[in-house]
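Observations on the three-dimensional arrangement
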Amino acid sequence: MNHFEKYESYIPFDLLVPQNFLIATLALTLVVLVRYLALTACFYAAFYKKNWPWAQRRQIYPVLPDKKMQLFEIKWSIISSGIFGLGGVLLGVLWQSGWARFYLPLNEYGWTYLVISGFLLSLLHDFYFYVTHRLLHIPWLYRRFHSVHHASLQPSPWASFSFHPVESIIEALPLPLILLFLPLHPLVLLVYLTLMTVSAIINHLGFEVLPRGSAVHPVGKWLISGTHHSAHHRYYKYNFGLFLHFLGSPVKDPASRL
Ligand SMILES: [Zn+2]
Ligand SMILES: [Zn+2]
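Before going into details, it helps to say that this report is about the structure given with it. (Residues numbered from 1 in each chain as written. Chains lettered and ligands numbered in written order. Predicted model: local features only at pLDDT ≥ 70, side-chain atom pairs only at ≥ 80, totals over all residues. Heavy atoms only, no water.)

A few words on the nonpolar core. One broad rule of soluble globular proteins: the nonpolar side chains tend to lie buried together. Of all hydrophobic cores here, the largest spans 28 residues; its most connected members are Trp95, Phe102, Leu121, Leu184 and Leu189. In contact with Leu184, not counting residues within four places along its chain, are Arg101, Phe102, Tyr103, Ser117, Leu121, Leu179 and Leu189. The next biggest cluster of nonpolar side chains, apart from the first, holds 17 residues, and it includes Val32, Ala46, Phe47 and Tyr48. (Core = buried A, V, L, I, M, F, W, Y, C linked by side-chain atoms within 4.5 Å. Buried < 20%, exposed > 50% of the residue type's maximum accessible area, 1.4 Å probe, protein only. Contact = heavy atoms within 4.5 Å.)

This is how it looks when you write it as structure tokens:
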């Protein structure tokens, strides 16, 4: 555990040296991209290639997205990975400059806070996402920046990072902003980012992984699921949140097979 309490474990060199900044951006882009590709490939193999009866019963739309659409989603996701990689390094610069409120001893604020801080982070992030997502649906902004993501009327899991670069920048901003005032352990952030990627993949999977009838299920009443997010992609006006329905009620896709 000692390893996770050392600053050098996260930032081994001075990021303000241009050469280091560039190397760190390339390395982090690669990490983000490989994590996106590896995690998505696992879900893709399990749901699109295996044809399990269990998965077939949970397919949301009658026809799955074709290869051309999947390649379109992968292309934009590669660009987004570069922007997220750069965002991560800029967060590192904020930390190095004393602005980001990362702390290193795991029990500095107690073990309870370590867990609660992850939930606080997700709530603040969800609120930011909801507000900016609503704004991105203003027609002028939608046409320029959000239509790339909605080009996937029936998204595949590869759509989880498929954003216009301006939308990717908007998506990369909340974590540095939250870190300006919320004390957080870097390990919590690393776990959170991986869970966020898994959640984004599940929401675009085309299969519902929550219990059947999840739109009315006690869990589905609060959690955004694939059924809800697919309704957002097709009908534009429901389910703007990231994880929770705490703003606005969930609406199930009327065309859903579930
Ligand atoms: Zn989406
Ligand atoms: Zn949208």
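Protein coordination at the zinc ion (ligand 1): the donors are His149 (NE2), His204 (NE2), His229 (NE2) and His233 (NE2), at 2.0 to 2.1 Å from the metal. Each of the four donor atoms around the zinc ion (ligand 1) contributes to a set of angles spanning 93 to 151°, which defines the coordination as irregular. Motif for the zinc ion (ligand 1), donor spacing along one chain: H-x54-H-x24-H-x3-H. Remark: His229 occurs in helix H10 (residues 226-235) and His204 occurs in the loop between helix H9 (186-203) and H10; sequence separation between them is 25 residues. A single burial state applies to His204 and to His229, both of which are buried. (Donors = N, O, S within 2.8 Å, 3.2 Å for Na, K, Ca; no water. Tetrahedral: all angles 85-135°; square planar, octahedral: opposite > 155°, others 65-115°. Helix = DSSP H or I, 4+ residues; strand = E, 2+ residues; numbered from the N terminus.)

This paragraph deals with the packing of helix H5 (residues 111-136) against H9. For the pair H5 and H9, interaxial distance at closest approach is 10 Å and the crossing angle is 50°. Taken together, H5 and H9 sit at an angle that is classed as oblique. The hand of the H5/H9 crossing is right-handed. On the side of H5, the interface is formed by Leu114, Ser117, Gly118, Leu121, Ser122 and His125, while H9 contributes Val188, Leu189, Tyr192 and Met196. Grouping the amino acids of the contact of H5 with H9 by side-chain chemistry returns six nonpolar, four polar and no charged. (Axes fitted to C-alpha atoms, helices over the stretch in contact; angles between N-to-C directions. Parallel < 35°, antiparallel > 145°, perpendicular 65-115°, else oblique. Left-handed = near helix turned anticlockwise from the far one by under 90°. Nonpolar A, V, L, I, M, F, W, Y, C, P; charged D, E, K, R; others polar.)

On to the environment of Thr227, then. In this fold, Thr227 is placed in helix H10. Along the chain, Thr227 and Gly92 lie 135 residues apart, while their C-alpha atoms are 36 Å from each other.

The next subject is the packing of helix H2 (residues 18-49) against H9. Here H2 crosses H9 at 45°, and the two axes come no closer than 10 Å. By the angle between their directions, the pair H2 and H9 is classed as oblique. Of the two elements, H2 crosses H9, and the hand of that crossing is right-handed. Contact residues: Arg35, Tyr36, Leu39, Thr40 and Phe43 in H2; Leu193, Thr194, Thr197, Val198, Ile201 and Ile202 in H9. In terms of residue class, the contact of H2 with H9 is built from seven nonpolar, three polar and one charged.

One way to see where empty space is left: roll a probe the size of a water molecule over the atoms. Space inside the largest pocket adds up to approximately 1,200 Å³. In this structure, the largest pocket is lined by 50 residues; those nearest its centre are Leu28, Val32, Phe84, Gly88 and Leu193. When residues in the lining of the largest pocket are grouped by element, the largest group, nine residues, is from H9. Classifying every residue of the lining of the largest pocket by side-chain character gives 30 nonpolar, 17 polar and three charged. (1 Å grid on protein atoms, 1.4 Å probe; cavity = no way out; pocket = protein on both sides within 12 Å on 5 of 7 lines; lining within 4 Å. Points joined across faces, edges and corners; volume = space filled by probe spheres on them.)

Here we come to helix H6 (residues 139-150). Across its twelve residues, H6 extends only 13 Å between first and last C-alpha, which sits more than 12% below the 16 Å expected from 1.5 Å per residue. All of the buried residues in H6 are Tyr142, Phe145, His146, Val148, His149 and His150. Those residues of H6 that are buried lie in contact with helix H4 (67-96), H5, helix H7 (165-172) and H10. (Expected span 1.5 Å × (residues − 1).)

What follows is about the coordination of the zinc ion (ligand 2). Only His133 (NE2), His137 (NE2), His146 (NE2), His150 (NE2) and His232 (NE2) from the protein coordinate the zinc ion (ligand 2), and they sit 2.1 to 2.2 Å from it. Considered as a linear motif, the donors of the zinc ion (ligand 2) on their single chain read H-x3-H-x8-H-x3-H-x81-H. Of this pair, His133 sits in helix H5 while His146 sits in helix H6; the two residues are 13 residues apart in sequence, bridging distant segments of the chain. Among the residues examined, His133 registers a relative accessible area of 3% and is labelled buried.

Remember, this is a structural readout, not a statement about activity or role.
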